[in-house]
Every structure is written in structure tokens, then in C-alpha cells.
Amino acid sequence: MADIGYLALVIAVAIGVYSLAAFIISIVTDNEKLKASAKGGVAAIGLLTTAASFILIYLLLVGDFSVKYVFEYTSTNLPLFYKLSAFWAGNAGSLLLWSWVLAIYTTIVTFSKKHEQDEKIPYVSAILLVINIFFLLVMTLNSSPFERIPSGVAVPMDGQGLNPMLQNPGMVFHPVTLYLGYVGFAVPYAFAMAALLTKKVDDSWIKVTRRWTIIAWMFLSLGNLYGAQWAYVELGWGGFWAWDPVENASFIPWLTGTAFLHSVMIQERKDMLKIWNMSLIIITFILTLFGTFLVRSGVLQSVHAFSNSGLGTWFLAFMCLAAVVSLYLLVDRINLLKQGNKFESYISKESSFLVNNLLLVGAAFATFWGTIFPLISEAVRGVRVTVSVPFFNQVNGPILLATIFVMGVCPLIAWQRASLKNIANSFLWPLILSVLIGVGLYLYLPGHELYGALAFLVATFVMLTILQEFYRGVRVRRRMTEEGFLTAFGRLMTRNRRRYGGYTIHLGIILISLAIIGSGAYKQEVTKQVSVGETITIDDYAITFNGLRQRQEGENDVVYAEMPVMKDGQVIGTITPEKVFYATWEQPSTEVAIKGTLVEDLYVILATWENSGQTATFKVHVNPLMSWMWIGGYILVLGTIFAVWPGKGSQLGPKYTQ
Amino acid sequence: MNQTTKIFIGVLIIIAAVGYLMFTGFSSFSGYEVGISELLTGQKDYNDEYLLVPGKLIGDSVNFNGDKVELVFTLTDIKGEGYQLPVVYNDVKPDNFDDGADVILEGYYDKEDNLFKAEKVTTKCPSKYEGVEEGAETPPQGEN
């Protein structure tokens, strides 16, 4: 079976090369028959990578330990769920996942009915094929998931098992969503390059790829969030976000991708920022490769990296190739990308989009620079200078807060020119209310956190402007149509899905920001050793240690503490932090216990115990507003789906709407 | 002043602000990444410098004092030259903290006491372990 999988990949490479050549020749000679054959090749690659993926899944499920990859990442007793997710637990498998997603995307783009008349499509397919071939080559030549254990060695009875830290639902969702996002940006990139190649650089490539961009962006957002959620519950990963190089690697393209999907709106509406948009999509695509490179090269100290498997050079080479070719095309065609319009006012929607873009790209640049600084300083000065977590917080904190502020202001400013009256009209009430909230928090909450209160002020201001916008829309509609409140709300939303989907996404982002601000500024923490019967107090909580217990869960032994939790003197339930002793792993794994409400998470870690459980050490956090991070994430997804769902209401509204 | 100039000035202000943030951030929060051998035997004095030090954990050296919430352990250098760095960390033991684990320390080194005071200890994500050492080339027979 494994050999068939490998063979599928080899054939896919061959077909890829043929298809690419066929596309190029058919474009030059205008040979429709050859073009059809090239398209067939794309479909074949889609099928072959699908077959290879299913073979890998089959091997993982049946536990064929003669395959190295299966041996290294699974064991007989691993739950089905995690046998499946072992697909992308290692380097080779994750490359197959990438390749598979890309091949399917390529097939969809190539065969889409919508694009039948678009003469750019053969170019797009050819560009995507180059990326396909690269990934397939890496797998076949460097790291194949189908490699067998050396011949002459007896097939092991059982595998090494999946590391306990990877046995988390995050392992299932985080890599898949992240890759769907990463790979998704290859499509708008390919369209942009095709536009440059064909010298047809009007905004059709932007219109065609809008859904791809937004959905890729949504998956990248989700990928980051699932990563955060996972890191939040794993001890030793430094909380939901630690500015680790690998975390940054997926955050930087998110920032530039966010900038891109905003600035293309300016091009759609006003025919401006064309060079900027081209540059942004090129940068975003290269950053997705950079992220993949960083995770696999071992050049930076990271807690999440794969081992250095010699793949770094491959990715570096491909990244440089993509950068050189894209930049050459951009510079060569730059006179085609003339602006259609000029900025007419310094307070206008265009200019606020520009500010948003500069801030996002600024944050991306600062994060990128901080991440790769050890490499640069080593090259220049011979020492690796690193920056620590406070650097990223101090630099990105204000920038992202400003971005959020612009997010509130931007959608309410009219295109072209905004009047002072119009501004006062839109912002008066949100401003008054949010200042009251900010001042109140500053005075009322312990610690008198100035930055925390200020950040809250800004975030609530923006949230209120968004809510006000919904309210006003409904009011205007009701006045005109005399519909009921809910009907008016529903119709308002569904008739302008792009706009209100966007507002919904903004709302999600605000909620995520509130969680970040809240847990950052108002987190409390205590680590304490207690004996049986003793109580740990933190904030309004009192948690009592009543000794340790043990239970069996499948093959694993679980040691846990069942601790009653009191809040303000009332019993509000029990919390059970655990240590799990895996049969296949030397060290126990810590399962944190979280008692979450909308206000805060009580987060308890059973760190260690002595005297056969008579004393134990616990680490307890109170993390305010954490659940809003996940709620915000789902609102973001809903908003995205709502905005891009095909059909009525998803078109761009008339230009220059006031 | 025409609109383009105003926009241009606005752009410059934003770029300057980001630059300023980065500059001050760098001067306050940068440190050095050094190997253990360099730290112990190198010429440079790293006292009072914020350091990032990767190393491998010596499993037997780990000792946790719950009373003081103090984790004491020793790392060896990654190249296997035998240099050892004693570390103290006032927090609980991270997961995956077993013998030979790749650990990244952040904190300060006190040369006089020969003690690294860690402010942050992270263990590498397990996918890093793939094919690195035992088992990858010659799988053990039967159960293990």
C-alpha cells in the first residue's frame, strides 16, 4: 500500500511537469486540444494526491508499522481521532496535507464554470502547478510519508505513540485550518501574477479572487485562534500567545492578508493603490512560504518547530525564486498599474483605509523584524540578538490598538470627503459612553491599569460604533418600510451582506481584542503548595485541596484532584486538574482544569505532589474575558460566511454610498 | 497645502511612530541568544543581559521545591560538549520536561554564582522530536 502511495506522488510529479509544459506551449501556440490535456493533468494531480492522502489515512488507521511515519506517530491503542490527526503530526505528512489542499484548490480554479471564458485561467493554473510541483518534489525526494523502516529490521509490534501534547483537539483543528488558510492565499497570488503576465491588470483579478481571499483569511484567522486555544491549555507553551517565532510566522501573513483584503476594496471602488495591492499579495504569499520554511528549517529557536530535516534549503530556494520572479514581473509591468484617481480629502474612507493598511503592515514589519533579528544580527555582528516578549507587546500593542480605532472610524466615514458634522453625528454617543466605561474601569478595578483602561476605552468605542451602525440601519429601514424590528434587521443584513458581514467580522475582532486586553491587563496568578484540607484563595475564589485520586482511562492512569470551588462564600462547583500517565510516554502530561464563565476563566494546574499526595502544588490563574476570544472567533467565522455566501445581497453596493 | 501633501505627511507620521516604537522596543527589550558553552567559557560578560539559552535537560538534575515554588535543574549544551548550566526557575515544571528534552531558557545569568535565573522556560513542541534520536532508524523490537 505504502509503495502505491509513493508511486502516486511520483506520477503526480511527472504529470505536473507535463501539464505545466502543455499549458505553456498551448498558451504560446493557442492550441485548445493541448490546453484541455493540460487541464486533465491538473485533475489527475488532484486525484493522485487525494489517493495518496487516503492511503496514508488507511495506513494510519490499520497501524501498518512497517511504514516509518505510522510507526513514529501512532500506536495500536491511540484513539481513532488521533490516529487520523497523526496525518499531519510530522513533517512529511503535513507536507502531504499542504500538497493535497493545493491540488484540490488548483483543480477547482482550473475547472470552475465561472472562469470558462477567462483567458487568464491557463496562466493561473500554470502558476499554481509550479507550486504543486515544488511540494510534490520535496515529498518524493526529501521526506516521504510513505518511507518504510529499513529492510532487514523486523516490523515493530507497536508504534511509538503520539506525543501527549499532540493529543488535544487543537491538534485536529489547528493545522488543518492553518493550511487551508496558508494555501488559500496561493490562489489570489496566482491570479495577480497571471494579471501581470497577460498585462490585463484591471481589477478583474481582484473581483474573481475576492471569495478566495476572504475564505483563506478566515481559515488563517481560525488557524491562529485554534493554535492559541491549544497553547492556552498546554503547560510549557507560555499561554495563548507567546510571540514564538513559529506563532509569529502565521501571524505576519495574517496581518498582510488583512491589509490586502481591505486595500483591494479601494481598488475596486476608486481604482487606486494598484501597485500596493500587487505588492501586498506577493508579500502575503511569500510569507506563507516563509512560515512553512521557518517551521521546518530550525534556523530560529522555537518551541513549535519540526526537526531540521534539510527542508529549509528547499523552501529558502523556492521562496527566493518566487520573490525574484514576482518582483521582476511587478517592476516590469509597473507602468500598467497607474492610479485612476487621487486622494481627494485627507479625511475620507480612502485615507482611513490607507491608515489601516500602514498600521497593519507596520505591525507585520515590526513582528517580522523582531522574529528574524537573531539571524540578521548573527550575519552582521556575529552574535544572535533576540528580542523578548515585551518587545512584541510594546510595539504591537499601540499599533494594533490604533488599527482597532481606525476599524471603528473607517467604515463610518463617507467615501471621498467627510464633514465635521457627519463625524460628530456618528461618534458622539459611542465616544461619551466608552469614555465613561474606560474611566470607570480605571477607577474601579484594582491596580488602576492605565493602559488596560485605555485599551478598553478604545475597544468599547469601536464596538459601540458598530452596534450603532446596525441600530441606525434598522431604524432607517423601519421608517421606510414599516417593518417589525426583527424583520427590518434581518432584511437589512441579508440585502447588504457584504457590508453587514464585514461589520460582524469587526465585532468578532473587537471581542477577541477585549479578551486579549482583559487577560493581559487584569490577569491574576498564584502558585502554592498546600496540604490536604488547605485552601488556596485568589480574587474572589477559594479552592480547597481534598487529596488526590486516581482513575483508569483506557490504558492511561489519571491522577486528579477534585477541588470544591467557592466564590464569595458560595459553592459554585468543583474543578479537577489532572496529570495523565500515558502508557506509551515516559512523562505524565498535565491537563489543566478550567472553570469558565463569560466574565473570567478560573484556570488550575496540578503541578506536582509529594508525600504520596499529602501535599501538592497548584498554579491557579484568573484570566478575565478569555471566553470572548473563542466567541469572537466564531462570530468572525459567521460574519465571513454571511458576507461571501453566493447569491443575492453579496454583490458590491453602489459606489460612493453615503 | 494640497491633499496629497497632507496625506503624505500623515503617512510619514505613521511610519515615524512605528519606527519609534520599534527603536525604543529594541533598546529596552533585546538580549542575546547564546549557547551554554559560549556562556560559560566565552570572553563576553553577560551579567545583566537578558539571555535566551537553548539546551538539553539532564533528567536526574530536576528538583522541585513546592514550599518555595522553586524548580532547579541543569542543562547541557546542544552540541554535546559536556558543558553544564545550573538553572533556577520560580515556577512549576513544564510538560515534556524529560531527560534530553530541548529546553529554551529566557532570563539572566549570574556568573559569580554560576546560576541561570530563568524567567521563562519552554519545552519544544514534540514534533521536534521526530527522527532525532532513538528509534527512528532501528525500531525496538516488540513492546516498549
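Residues numbered from 1 in each chain as written. Chains lettered and ligands numbered in written order. Predicted model: local features only at pLDDT ≥ 70, side-chain atom pairs only at ≥ 80, totals over all residues. Heavy atoms only, no water.

Trainee: Summarise the overall build of chain A; cite the residues concerned and give the values.
Mentor: When helices and strands are counted, chain A shows 19 helices and 13 strands. Here chain A has a C-alpha radius of gyration of 27 Å; the compact-globule value for 658 residues is 26 Å, and the two agree. Considered along the principal axes of its C-alpha atoms, chain A spans approximately 80 × 80 × 60 Å. Looking at chain A residue by residue over its 658 residues, the buried ones come to 59%. The long-range share in chain A, meaning contacts at least 24 apart out of those at least 6 apart in sequence, stands at 72%. With an accessible surface of roughly 26,300 Å², chain A has 65% of that area assigned to carbon and sulfur atoms. (Helix = DSSP H or I, 4+ residues; strand = E, 2+ residues; numbered from the N terminus. Rg over C-alpha atoms; globule rule 2.2 N^0.38 Å. Buried < 20%, exposed > 50% of the residue type's maximum accessible area, 1.4 Å probe, protein only. Contact = heavy atoms within 4.5 Å. Areas by Shrake-Rupley, 256 points an atom, 1.4 Å probe, with all protein chains shown as cover.)

Trainee: Got a sec to walk through the overall build of chain B? Specific residues and values, please.
Mentor: Counting its secondary structure elements, chain B contains two helices and seven strands. Along its sequence from the N terminus, chain B presents helices and strands in the succession α-β-α-β-β-β-β-β-β. Within chain B, contacts between residues separated by at least 24 positions form 49% of all contacts whose residues are at least 6 apart in sequence. Accessible surface computed for chain B: about 7,200 Å², of which carbon and sulfur atoms make up 51%.

Trainee: Explain the sheet that holds strand β3 (residues 535-538) of chain A residue by residue, including any values.
Mentor: All names here are of chain A. If you trace the four strands from one edge of the open sheet to the other, you get β3-β4-β7-β8, paired in antiparallel fashion. Each edge of the open sheet is held by one strand with a lone partner, namely β3 and β8 (570-575). Ignoring strand direction, the axes of neighbouring strands in this sheet form an average angle of 25°. One ladder, built from three bridges, connects strand β4 (residues 541-544) with strand β7 (residues 563-567); its direction is antiparallel. (Pairing = 2+ DSSP bridges. Axes fitted to C-alpha atoms, helices over the stretch in contact; angles between N-to-C directions.)

Trainee: So what's going on with the UniProt feature "transmembrane region" (unreviewed entry) in chain B? Which residues, and what values?
Mentor: What UniProt calls "transmembrane region" (unreviewed entry) maps, in this numbering, to residues 7-29 of chain B. Taken end to end, residues 7-29 of chain B has its terminal C-alpha atoms 33 Å apart, with 100% of it in helix and 0% in strand. (UniProt positions renumbered as here; feature names shortened; annotations may be inferred.)

Trainee: Summarise a nonpolar patch on the surface; cite the residues concerned and give the values.
Mentor: Residue and element names in this part refer to chain A. On the surface, a nonpolar cluster with roughly 650 Å² of combined accessible area is contributed by M1, I4, Y58, L61, V62, L80 and L84. Of all the elements in the fold, those that place two or more residues in the nonpolar patch are α2 (32-62) and α4 (80-85). The element that contributes the greatest number of residues to the nonpolar patch is α2, accounting for three residues. When you line up the elements, V62 lands in helix α2. (Patch = residues over 30% accessible without salt bridge, like charges linked within 9 Å, V, L, I, M, F, W, Y side chains within 5 Å. Salt bridge = Lys/Arg side-chain N within 4 Å of Asp/Glu carboxyl O.)

Trainee: Pulling in residues and values, what's your account of the packing of helix α5 (residues 91-111) of chain A against helix α6 (residues 121-141) of chain A?
Mentor: Residue and element names in this part refer to chain A. Between α5 and α6, the least distance of the axes is 10 Å, while the angle of their chain directions is 165°. Taken together, the axes of α5 and α6 are roughly antiparallel relative to one another. For the pair α5 and α6, the crossing hand works out as left-handed. Contact with α5, carried on its side by A92, L95, L96, W98, S99, L102, A103, T106, V109 and T110, involves I121, V124, S125, L128, I131, N132, F135, L136, V138 and M139 of α6 and no other residues of that element. Tallied by class, the residues present in the contact of α5 with α6 amount to 15 nonpolar, five polar and no charged. (Parallel < 35°, antiparallel > 145°, perpendicular 65-115°, else oblique. Left-handed = near helix turned anticlockwise from the far one by under 90°. Nonpolar A, V, L, I, M, F, W, Y, C, P; charged D, E, K, R; others polar.)

Trainee: Go over the pattern of salt bridges with me, naming the residues and quoting the values.
Mentor: What the rule picks out here adds up to 22 salt bridges over all chains. Residue B:E33 pairs with A:R384 through a salt bridge whose shortest N-O separation is 3.1 Å. In this pair, B:E33 sits in strand β1 (residues 30-33) while A:R384 sits in strand β1 (residues 384-387), so the two residues belong to two different chains. Taking the relative accessible area as the measure of exposure, B:E33 reaches 11% and is therefore buried. A:R384 sits in the buried class, given a relative accessible area of 15%.

Trainee: Explain the packing of α5(A) against helix α7 (residues 169-184) of chain A residue by residue, including any values.
Mentor: All names here are of chain A. Across the interface, α5 lies against α7 with an axial gap of 10 Å and an inter-helix angle of 50°. Relative to α7, α5 is oriented oblique. Where α5 crosses over α7, the handedness of that crossing is right-handed. Of α7, the residues touching α5 (which contributes S94, L97, W98, V101, L102 and Y105) are V176, Y179, L180, Y182, V183 and G184. Looking at the contact of α5 with α7, its residues break down into 10 nonpolar, two polar and no charged.

Trainee: How would you sum up the confidence of the model for chain B? Please name residues and give values.
Mentor: All names here are of chain B. With 85% of its residues at a pLDDT of 70 or more, chain B shows a mean pLDDT of 80. Averaged pLDDT values for the elements of chain B fall to 87 in helix α1 (residues 3-29) and rise to 95 in strand β5 (residues 84-89). Per-residue pLDDT stays below 50 along residues 127-144; that stretch engages in 43 contacts with residues further than four places along the chain or on separate chains. Both scores are available for the predicted complex, with the pTM at 0.91 and the ipTM at 0.80. (pLDDT = per-residue confidence, 0-100.)

Trainee: Outline the environment of A:G508, supporting the account with residue identities and numerical values.
Mentor: Residue and element names in this part refer to chain A. Looking at the element boundaries, G508 is found in helix α18 (residues 497-521). Note: C-alpha distance between G508 and W628 (120 residues apart in sequence) is 8.8 Å. Contacts of G508, omitting those with residues within four sequence positions, involve G632, I635 and L636.

Trainee: Go over the side chain of A:S75 with me, naming the residues and quoting the values.
Mentor: Following the sequence through the fold, A:S75 ends up in the loop between α3 (68-73) and α4. Setting aside residues no more than four positions away along its own chain, A:S75 makes contact with A:F65, A:K83, A:D158, A:G159, A:G161 and A:T584.

Trainee: Lay out the confidence of the model for chain A with the relevant residues and their values.
Mentor: Residues and elements named next belong to chain A. In this model, chain A carries an average pLDDT of 89, and 95% of its residues clear a pLDDT of 70 or more. By mean pLDDT, the top-scoring element of chain A is α2 (96), and the lowest-scoring one is helix α15 (residues 420-444) (84). With pLDDT under 50 throughout, residues 654-658 is counted as low confidence; its partners more than four residues away or in other chains account for 11 contacts.

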